[in-house]
Structure formats: structure tokens, C-alpha cells
Amino acid sequence: MELPDFTDEIIHYLKQKELPSNIEAAVILGSGLGTFTDHIENPFLVSYEDIPSMPVSSVEGHDGKLIIGKINDHPIIAFSGRFHHYEGFSFEQTATPVYISKALDVNKLIISNAAGAINTSFSVGDLMVIEDVIRNNLSIAPRGRKQHRYLHHQYVNRIRKIASDLGLITQQGTYMYVTGPNYETKAEIRAFRTMGADAVGMSTTTELFEAARLELKSAAISLITNMSTGVTGDKLDHKEVKATADARKEDFARVVKALIQKF
Ligand code: CYT
């Protein structure tokens, strides 16, 4: 399986660290959701800064480390701090955690993000299981033309069932990718709604495409941190995104932990 050249040094460095060989799942943590790492038992931490060729995120609410450890005896790797195209990273660089996961033979991936609701029946704090995506920039799948099945419908139902067994109601829907970094205009949100989008955000999509190409099984969950522009008339700011993530991070962690065991 072909990984981009810039990952060679990253993987070489990590392989010297004698990481466990049986890591079952990788978790990519979205804005404000980094505290999931507090749940990891016996954490072994590597700062992105210490890894040669590793991108380092500059966004508030994003840490810069990967953590290897266990969740209920399941070995996992978590990425706290992700990479956005609007920070100046190439689309390929934004998928770095996927390449690392593949190189470490991890075959399950759980992706999370903070997103704005376009669907007016959603509420702030909802968890939305992503069933499909819309790209506003069709160059984001870096390699090859093949259309992969990047999200399997039966997984969406299973993830929702796993959450509902915990007493948590989830939404499901289509995630609209925008490049950012600025929030969308009112007219854009109206347009995206007409296109069939339920939520909007600035990440996840390249990771999903690359994970599919590399044959990882993916689940993707959006935390609805705000209603998107024009839905309520409130002004958007990154503080609201972080406050909602703070209020909902424990339920998010419960779902991810259950997914690690059962997905
Ligand atoms: N919210 C968000 N748009 C939004 O409204 N978290 C990303 C993009």
C-alpha cells in the first residue's frame, strides 16, 4: 500500500519506539475533544514536535501529541491535534494520522470533529454519525480515481445502536466539507442545505478517503458544537465550539470507548 514519501521519516521514528504491535484502533480527536486521552490507561505519549516531518497544528483547542495506551484492555492510538488544509497543510498532510495508523497495522479508525448544524432539527450538543460527505473541493482525495466505499451503511446503524445502548440518542447525516478557516456565509449554508448537507466542518473528509483507499474500517462522528450561520441568527465563534465540546466530551468519550470494544 502506497503511503506518501513524507511519512517515511515519521514512521521510521515511531518504529524505533517499540510500540505495541497489536494496536486495534486509532482515534482522531476533533476540536475540543482532546481530553478523551485522559481515559487512556498506561499512556505513552509522543509530541508531534519531536517527530521528524510531522505536521504541527496551530489551531486553538488542538493539542499536538499522539498517545498509545489501552481502553478497557484494547490497545489504541489516539491523535490529539489534527491538521487542517487552511493551516497551510497539503490535503495529504491532513491525512497523516491515517498513514501512521496504516503503517502500524491498525485497521479500525474512529474520526471525530466539531461541526455546525445545517439541519434545523439538530441541536447544539448532538452527536451525528456521518453517513456520507460532500466535498466542496474535489481535489481532496489525493491518490487515484477509484470510488471506495468509505463509510458502510451497516456501520452507521451499528454505531447508532452502540450509542443508544448507552442511553445516548444520535443523529445521522451528511457532512459538508469546507476549506475554512472562516465560518460559512448565510447564503452558503442555504446552498449546502439544498445540496443535502446536515452539518458543516473543516476536516475529516480527506482522512476518510485515504482510510478507505488503505482499507481501514472507519467510523466518523460529528459533535454539533453550534448551529451554522443564519440558522439561529447568533454570531459564531470558536469559544462556543469549545464550550459545547467541554459540555459533551464525556458522552463523546463513552461512545468512542464502546466503539473501541464493539465496532
Ligand atoms: N461550525 C464548525 N462551521 C461551523 O458552523 N465547527 C465548523 C464549521
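Right above here is the structure, for reference.
Note that the structure is predicted; figures quoted are calculated from it, not measured.

1. Some remarks on the site of the ligand
Link 1 in the chain: Close contacts around the ligand come from Ala114, Ala115, Gly116, Tyr183, Glu184, Val200, Gly201, Met202, Thr225, Asn226, Ser228 and Leu236, and that covers them all.
Link 2 in the chain: The side chain of glutamate 184 places a nitrogen or oxygen atom 3.0 Å from a nitrogen atom of the ligand.
Link 3 in the chain: Here an oxygen atom of the ligand sits 2.9 Å away from a polar atom, N or O, in the side chain of asparagine 226.
Link 4 in the chain: Where the shell around the ligand is concerned, the elements lending two or more residues are strand S5 (108–117), strand S8 (199–201) and strand S9 (217–227).
Link 5 in the chain: Broken down by element, the shell around the ligand gets its largest block of residues, 3 residues, from S5.

2. Focus on the packing of helix H4 (residues 153–165) against helix H7 (residues 238–262)
Link 1 in the chain: At a closest axis distance of 9 Å, the pairing of H4 and H7 adopts a crossing angle of 120°. Between H4 and H7, the interaxial angle falls into the category oblique. Crossing of H4 against H7: the hand is right-handed. Across the interface between the two elements, Arg158, Ile159, Ile162 and Ala163 from H4 touch Val255, Ala258, Leu259 and Lys262 from H7.
Link 2 in the chain: When the residues that make up the contact of H4 with H7 are grouped by side-chain class, the tally is 6 nonpolar, no polar and 2 charged.

3. Focus on the pattern of salt bridges
Link 1 in the chain: Taken as a whole, this structure holds 7 salt bridges when the rule is applied.
Link 2 in the chain: Across the pair arginine 248 and aspartate 251 runs a salt bridge whose closest N-O atoms are separated by 2.6 Å. Taken as a pair, arginine 248 and aspartate 251 lie in helix H7 at a separation of 3 residues, close to a single helical turn.
Link 3 in the chain: For arginine 248, a relative accessible area of 22% gives the class partly exposed.

4. Description of helix H3 (residues 96–103)
Link 1 in the chain: Most of H3 sits out of view: 7 of its 8 residues are buried.
Link 2 in the chain: Residues Thr96, Pro97, Val98, Tyr99, Ile100, Ser101 and Ala103 constitute the buried set of H3.
Link 3 in the chain: The positive-phi residue at the C-terminal boundary of H3 is aspartate 105, with phi of around 65°.

5. A short note on the packing of aromatic side chains
Link 1 in the chain: Under the definition given, this model contains 5 aromatic pairs.
Link 2 in the chain: On the basis of an interplanar angle of 80° and a centroid distance of 5.7 Å, the ring pair of phenylalanine 83 and phenylalanine 89 is categorised as edge-to-face. For the pair phenylalanine 83 and phenylalanine 89, one class covers both residues: buried.
Link 3 in the chain: If you follow lysine 217 out to its NZ or CZ, it ends over the ring of phenylalanine 263, 4.7 Å from the centre.

6. Description of helix H6 (residues 205–213)
Link 1 in the chain: In terms of residue burial, H6 counts as a mostly covered element, since 9 of its 9 residues are buried.
Link 2 in the chain: Three or more residues of H6 are buried, namely Thr205, Thr206, Glu207, Leu208, Phe209, Glu210, Ala211, Ala212 and Arg213.
Link 3 in the chain: After H6 finishes, the residue glutamate 215 shows a positive phi value of roughly 65°.

7. A closer look at the side chain of lysine 108
Link 1 in the chain: Assignment of secondary structure puts lysine 108 in strand S5.
Link 2 in the chain: The buried charged residue lysine 108 lacks any salt bridge, with glutamate 24 as its nearest oppositely charged partner at 4.7 Å.
Link 3 in the chain: Within polar-contact distance, the side chain of lysine 108 engages the backbone oxygen of phenylalanine 263 at 2.9 Å.
Link 4 in the chain: Among residues more than four places away in sequence, those in contact with lysine 108 are Glu24, Ala25, Ala26, Lys217, Ile260 and Phe263.

Quick notes on the rules
Residues numbered from 1 in each chain as written. Predicted model: local features only at pLDDT ≥ 70, side-chain atom pairs only at ≥ 80, totals over all residues. Heavy atoms only, no water. Near = heavy atom within 4 Å. Polar contact = N/O pair within 3.5 Å; in protein donor to acceptor, adjacent residues only side chain to side chain. Helix = DSSP H or I, 4+ residues; strand = E, 2+ residues; numbered from the N terminus. Axes fitted to C-alpha atoms, helices over the stretch in contact; angles between N-to-C directions. Parallel < 35°, antiparallel > 145°, perpendicular 65-115°, else oblique. Left-handed = near helix turned anticlockwise from the far one by under 90°. Contact = heavy atoms within 4.5 Å. Nonpolar A, V, L, I, M, F, W, Y, C, P; charged D, E, K, R; others polar. Salt bridge = Lys/Arg side-chain N within 4 Å of Asp/Glu carboxyl O. Buried < 20%, exposed > 50% of the residue type's maximum accessible area, 1.4 Å probe, protein only. Phe/Tyr/Trp six-rings, centres within 6.5 Å; stacked < 30°, edge-to-face > 60°. Lys NZ or Arg CZ within 6 Å of the ring centre and 35° of its normal. Lys, Arg positive; Asp, Glu negative; His and termini not counted.

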